[in-house]
Amino acid sequence: MKDSNLILMDYFYAFINLAKGTRKKLQPDIRKCRIYEFKLRNQLISCPNCHHRRLVKFGYSTVQTIFTTDDASHPVFLRIHKQRLRCKDCRRTFMAQSNVVRKYCHIANKVRAKAIMSFQDDRTLESIARDNTISPSTVLRYLDASRSIAPLHQHQLPTNLAMDEFRGVHRQLHFTCIDNDHHRIQTILPDRFKRTIENYFLSFTPAERSRVKTISVDLNSYYQDIARRLFPRAEIIIDRFHIIAMMTRAFNQYRAQAMKQFPKTSRQYRLLKFSWQLYLKSATNLSYEHEYYDRHLRQKVTSGERVDLGLAINDRLRADYQFLQNVMQNLKQRNLDQLTESLYPGTELSPQMTAVLHTLRHNLMYVLNASRFDYSNGTIEGINRMIKQIQRTAFGFRNYNHLVYRIHFRQMAQKKNQAA
């Protein structure tokens, strides 16, 4: 504390009931607290009201202010005796003020700043309130006062966008959009309705929207419709992860369907049932040299041989596997010609994989853009993972604005850690 008008008089320990309101009698919270006693001098020379200099001392007014504690051993209070002055001409009284605490407030400015900075941590409001010896409702008021951290309208659009959604307040889906270069949140909308998204982007001028070069999306069809209509010069990129995830999901569905055609005690059933993770690995990561004992087959095999034994059971399953591996390898190697050829296989695929193939062909240009550009939805998926963790720690949110504020505070902390 750098206020020269504060004069330390004494410090001591006392037992104080920290419960608020009616809880003081029902559920008392009596704790040992450290109390520092100060005298606050009034430095007024003339009356602020009539500007005369006939000021006389008019006693003291004692207030108790909550302060921070660094060692977290005992709550700390400042018992400040504020000097009062009285003007003999206008009969007004004036109380001494300090920069330690705001006027008409009993919580120190340092406590307020510490509570606001704690919003960057993955913590509940109750834990923040407990550490600062204040109530959760007070912490919530500080959160409401921090609305400037989430600007209502950005003045510019980033050059490269990524769009997605996450499940938030009342299990509703919220639309989110980020800057795919600097990994900053562009906006979070209360829903993902097409009208809401279009109204947001239409608030920008056509010249501003024409600056957008790429838009990375998942396979949600109306995200592509919005991108084509509102961003005429932007290249649409289907996220690579969603392409592979859709294919592996179809492969697993047909593998389970083929597996159930055999008795549970048969060797064919065990080949398709167990070690299913090996079928989803890249073929280049399978080994044909290092053997291991497979307890389900009761023999020694390599990972490559284990996959070959399973694929030999069903020809369509082998065709699905080959199609999956070709697309995965060509996406990884960014080979546009080979990727296009792999989307037109000469063998018959399973019904599940055929549906995936039709979807990829329907979005052929956007799938090829996934190989041409380095952008993807990886960053926005990471932000969605962060949002889920915030909601899990807070046991959910009932207020949409509170969720948005905590997201922006948390991302601020992550940016600070990355810069360090």
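The coordinates are above.
Right, let's walk through the structure included here.

Here we look at the pairing of strand β8 (residues 184–189)
Within β8, five of the six residues are buried, leaving the element largely enclosed by the surrounding structure. Pairing analysis gives five bridges linking strand β7 (residues 173–179) to β8, with the strands arranged antiparallel. Residue pairing for β8: Phe175 is matched across the bridge by Leu189. The antiparallel pairing of β7 with β8 creates a hairpin that spans four residues between the two strands, and His183 there sits at a positive phi of about 60°.

A few points about helix α12 (residues 315–333)
Compared with an ideal rise of 1.5 Å per residue, which puts 19 residues at 27 Å, α12 spans 27 Å between its outermost C-alpha atoms and is within 8% of the ideal. Every buried residue of α12 is listed here: Leu317, Ala319, Asp320, Tyr321, Phe323, Leu324, Gln325, Val327, Met328, Gln329, Asn330 and Leu331. Measuring from the side-chain oxygen of the N-cap residue of α12 to the backbone nitrogen of Arg316 gives 2.9 Å; that N-cap residue is Asn314. The first or second residue beyond α12 is Arg334, which carries a positive phi of 55°.

Considering the packing of aromatic side chains
Given two aromatic rings, one states the distance between the centres and the angle between the planes to describe the pair. Under the counting rule described, the total for this entry stands at ten aromatic pairs. Judged by centre distance (5.7 Å) and plane angle (70°), the ring pair of Phe175 and Tyr223 falls under edge-to-face. In this pair, Phe175 is assigned in strand β7 and Tyr223 in helix α7 (residues 221–230), connecting sequence segments 48 residues apart. Summarising the burial analysis for this pair, Phe175 and Tyr223 share the class buried. The positively charged end of Lys32 is found above the aromatic ring belonging to Tyr13, 4.9 Å away from the centroid.

Digging into the nonpolar core
Ranked by internal contacts, the top residues of the largest apolar core, which has 59 residues, are Phe201, Ile215, Phe231, Ile243, Met247, Phe323 and Leu360. Leave out the neighbours within four places in its chain, and Ile215 touches Leu161, Met163, Ala227, Phe231, Ala234, Glu235, Ile236 and Ile237. Formed by 45 residues, the second largest nonpolar core is a distinct cluster that contains Phe77, Ile149, Ile185 and Ile387.

Topic: the environment of Asp122
Inspection of the secondary structure puts Asp122 in the loop between α2 (109–117) and α3 (125–132). Owing to a relative accessible area of 29%, Asp122 belongs among the partly exposed residues under this scheme. For Asp122 and Arg112, which are ten residues apart along the polypeptide, the C-alpha to C-alpha distance reads 18 Å. A polar contact of 3.2 Å, which involves the side chain of Asp122, links it to the side chain of Gln389.

Remarks on the pattern of salt bridges
Under the defined criterion, the tally for this structure stands at twelve salt bridges. When the shortest N-O distance is used, the salt bridge between Arg31 and Asp29 registers 3.4 Å. Notably, a salt bridge pairs Arg54 with Asp89, separated by 3.0 Å at the nearest N-O pair. Within this pair, whereas Arg54 is found in the loop between β2 (30–40) and β3 (55–67), its partner Asp89 is found in the loop between β4 (76–87) and β5 (93–95), the two being separated by 35 residues in sequence. Residue classification places Arg54 among the partly exposed residues on the basis of a relative accessible area of 47%. By relative accessible area, which is 34% here, Asp89 ends up partly exposed.

Brief notes about helix α5 (residues 194–202)
Along α5, the residues classified as buried are Thr196, Ile197, Glu198, Tyr200 and Phe201. Where the residues of α5 are buried, they touch β6 (160–167), β7, β8, α6 (206–209) and α7.

A look at the sheet that holds β7
Across the sheet, which stays open at both edges, the five strands sit in the order β8-β7-β6-β9-β10 with mixed pairing between neighbours. Only two strands of the sheet have a single neighbouring strand rather than two, namely β8 and β10 (235–238). Mean inter-strand twist for the sheet, computed between neighbouring axes without regard to direction, equals 25°. Here β6 pairs with β7 via seven bridges, running antiparallel. Following the sheet pairing, Ala162 is matched in β7 by Ile178. In the packing of α7 onto the sheet, the strands contacted are β6, β7, β9 (214–217) and β10, and the crossing angle to β10 comes to about 165°.

Rules used in this analysis
Residues numbered from 1 in each chain as written. Predicted model: local features only at pLDDT ≥ 70, side-chain atom pairs only at ≥ 80, totals over all residues. Heavy atoms only, no water. Buried < 20%, exposed > 50% of the residue type's maximum accessible area, 1.4 Å probe, protein only. Helix = DSSP H or I, 4+ residues; strand = E, 2+ residues; numbered from the N terminus. Pairing = 2+ DSSP bridges. Expected span 1.5 Å × (residues − 1). Polar contact = N/O pair within 3.5 Å; in protein donor to acceptor, adjacent residues only side chain to side chain. Phe/Tyr/Trp six-rings, centres within 6.5 Å; stacked < 30°, edge-to-face > 60°. Lys NZ or Arg CZ within 6 Å of the ring centre and 35° of its normal. Core = buried A, V, L, I, M, F, W, Y, C linked by side-chain atoms within 4.5 Å. Contact = heavy atoms within 4.5 Å. Salt bridge = Lys/Arg side-chain N within 4 Å of Asp/Glu carboxyl O. Axes fitted to C-alpha atoms, helices over the stretch in contact; angles between N-to-C directions.

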